[in-house]
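The residues making up each chain are set out below.
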Amino acid sequence: MLGNGEKYNPALLRLELLSRGIRVDQDFTRQLGGVLKEPLWTRTGPTSTGIDLKLERGVYVSPAIEGDRFPYHYKDSPFLLTIDENALPVIMKDDRIVQYVTLFPRPSYYGKKTSNGTPMEQIGVVTGDFLAIAIDNRCWFWGYYQDDELVNYKEKQCKFCGIGLSMKRDELYRKDNDDIIEVLSAALEGNDIKHLGINAGTFPPPGRGHEEYARLISEIKARHDVWIRLSICPPEDERYIDILFDSGADQVGYDIEVFDPKLYKEICPGKNEEVDRGIPHQHFNRMLKYAAQKGGPNKTYSILVTGLESKESTVAGVEHLCQMGVVPRLGIFRPIPGTHLEKHPVPSPEYLIYCYRNLREITMEYGVDSGCAGCGRTFVGTKEYDGVNPIMPEISDEDLENAGIDPANVV
Ligand code: SF4
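Residues numbered from 1 in each chain as written. Predicted model: local features only at pLDDT ≥ 70, side-chain atom pairs only at ≥ 80, totals over all residues.

Enquirer: Hey, could you go over the overall build of the protein chain for me, with residue numbers and the actual values?
Expert: For the protein chain, the helix and strand inventory stands at 13 helices and 16 strands. Evaluated residue by residue, the protein chain yields a buried proportion of 50% over its 411 residues. Sequence separation of 24 or more characterises 72% of the internal contacts of the protein chain that already satisfy a separation of 6 or more. (Helix = DSSP H or I, 4+ residues; strand = E, 2+ residues; numbered from the N terminus. Buried ≥ 20, exposed ≤ 12 C-beta atoms within 10 Å, placed from the backbone. Contact = placed C-beta atoms within 7 Å.)

Enquirer: I'd love a proper account of the sheet that holds strand 2 (residues 53–55), names of residues and values included.
Expert: The three strands lie next to each other as 3-2-7, forming an open sheet whose pairing is antiparallel. The sheet is open, and its two edges are formed by strand 3 (59–61) and strand 7 (102–103), each paired on a single side. Bridge analysis of strand 2 against strand 7 gives two bridges, and the strand direction is antiparallel. Its bridge partner being in strand 7, Leu-53 is matched across the sheet by Leu-103. Relative to strand 3, helix 1 (residues 10–20) is tilted by about 5°, and along the sheet it contacts strand 2 and strand 3. (Pairing = 2+ DSSP bridges. Axes fitted to C-alpha atoms, helices over the stretch in contact; angles between N-to-C directions.)

Enquirer: For the pairing of strand 15 (residues 300–306), give the residues involved together with the corresponding values.
Expert: Among the seven residues of strand 15, six are classified as buried, and the element is accordingly described as predominantly covered. Where strand 14 (residues 251–253) lies against strand 15, two bridges are found, and the strand directions are parallel. Residue pairing for strand 15: Val-252 is matched across the bridge by Thr-300. In this structure, strand 15 lies alongside strand 16 (residues 327–332), joined through six bridges in parallel fashion. Note on strand 16: the bridge partner recorded for Tyr-301 is Val-327. Taking the sense of rotation as the criterion, the β-α-β connection linking strand 15, helix 11 (residues 311–323) and strand 16 turns out right-handed. (Right-handed = clockwise from strand over helix to strand, strands pointing away.)

Enquirer: Can you lay out unusual backbone geometry for me, pointing to particular residues and giving the numbers?
Expert: In this chain, Pro-205 is followed by Pro-206 through a cis amide linkage whose omega measures 5°. Within the element layout of this structure, Pro-206 appears in the loop between strand 12 (195–200) and helix 6 (210–223). Phi at Asn-191 takes a positive value of approximately 55°, unusual for a residue other than glycine. Among the secondary structure elements, Asn-191 is positioned in the loop between helix 5 (177–189) and strand 12. Phi is positive for Arg-277, which is not a glycine, with a value near 50°. As for its position among the elements, Arg-277 is in the loop between helix 9 (269–275) and helix 10 (282–295). Taking the number of C-beta atoms within 10 Å as the measure of exposure, Arg-277 has 9 and is therefore exposed.

Enquirer: Help me get a handle on the pairing of strand 5 (residues 89–93), residues and values and all.
Expert: Across five bridges, the pairing between strand 4 (residues 79–83) and strand 5 is antiparallel. The residue of strand 5 that forms the bridge with Ile-83 is Pro-89. Where strand 5 lies against strand 6 (residues 96–100), four bridges are found, and the strand directions are antiparallel. Residue Met-92 lies in a different strand from strand 6, and its bridge partner there is Ile-97. What sits between the antiparallel neighbours strand 5 and strand 6 is a turn of two residues, in which Asp-94 has the positive phi angle 45°.

Enquirer: Can you explain helix 6? Please cite residues and give values.
Expert: Taking 1.5 Å per residue, 14 residues should reach 20 Å; helix 6 reaches 20 Å between its end C-alpha atoms and fits that length. Those residues of helix 6 that fall on the buried side of the exposure criterion are His-210, Tyr-213, Ala-214, Leu-216, Ile-217 and Ile-220. Each buried residue of helix 6 lies within a common arc of 165° when the element is viewed along its axis, so the set occupies one face. Along helix 6, the residues that are exposed and aim more than 90 degrees away from the buried face are Ala-222 and Arg-223. Residues of helix 6 that are buried sit in contact with strand 9 (130–136), helix 5, strand 13 (228–231) and helix 7 (239–246). (Expected span 1.5 Å × (residues − 1). Arc of directions from axis to C-beta.)

As structure tokens, this is what we get:
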């Protein structure tokens, strides 16, 4: 057990968990496993493959579970999810209890079907505190599907992405708006979620899905007063951004993924060649700037996949986004089996702590948000939740020493 004055900083613990993953012991599974929300593999995979937990002070996290899904990583995690002598769920690190955790029950709508007969969890899953729905699993950069046929096959996908693999699993490729709204209604009525996050693969130009998203969002907003965040590929011109914000979208994300231009070209060939016309980020920047202006403060974000480039380059990307008034969201790389980067190493705790400290400082300096805590359960940026503290907690050198991490390695 932890002694007095030896509290384990939950903000630090979440970064370590996201880097190292977690093992789940049989006592935990036997006692509590039956009532839990199970990880489901949908969309690009990584963010729905962990186990959702809430740490102290309302810090959300979803560490990867060591095992079959990740054959090359998370093998020797020092973290174990188990129960204490009172059957309360705890995380142990190297045989000492470092934190009590709150678990998430199975959402009320799992196991039910929509009026069209579709299993509701094939439409959307609960992740953190929100409903996650990929409205269309086709992506223009893999090759686009029409009526179950792969057309325009081109292999220009982002190399970390597994959306084309989801097509071979049991997820639907295009989801019906009525089904989506029915599942959203069920999740809201069951108190399973606080808001909605939607995404999809990239749609064809010129609108790249803006009109389709806008139609769906208008339909949702006519029925529910729910906050909606979405990731989408930038359109060819600004008028599509107007359409999206005018539909009621609350936060729009254009994800540049990798800030280093050379690595961006290699890792995101489709985005570089077709969206940016071979000049890394030029079109993304234009659309991000416009969206930040159109939407107002903290209504536009961009994700950087953290762990695919140097930590200094990631931090430079954070500053670049903040300068445009764009919320930087640092999604931590989680390798998906079957993708080009399935064996790429995951970032170390030290790498993530470096990014965290800089993200905290830079976003505070620019007065830019760092993303919602519930949404950020697989991200570097997190806040203590429930609106208590809008600023991310500090991770001190003392916290690091308490965790057995040498502060000298976090520079
Ligand atoms: S744009 Fe890239 S990350 Fe997004 S779905 Fe297509 S391949 Fe995946």
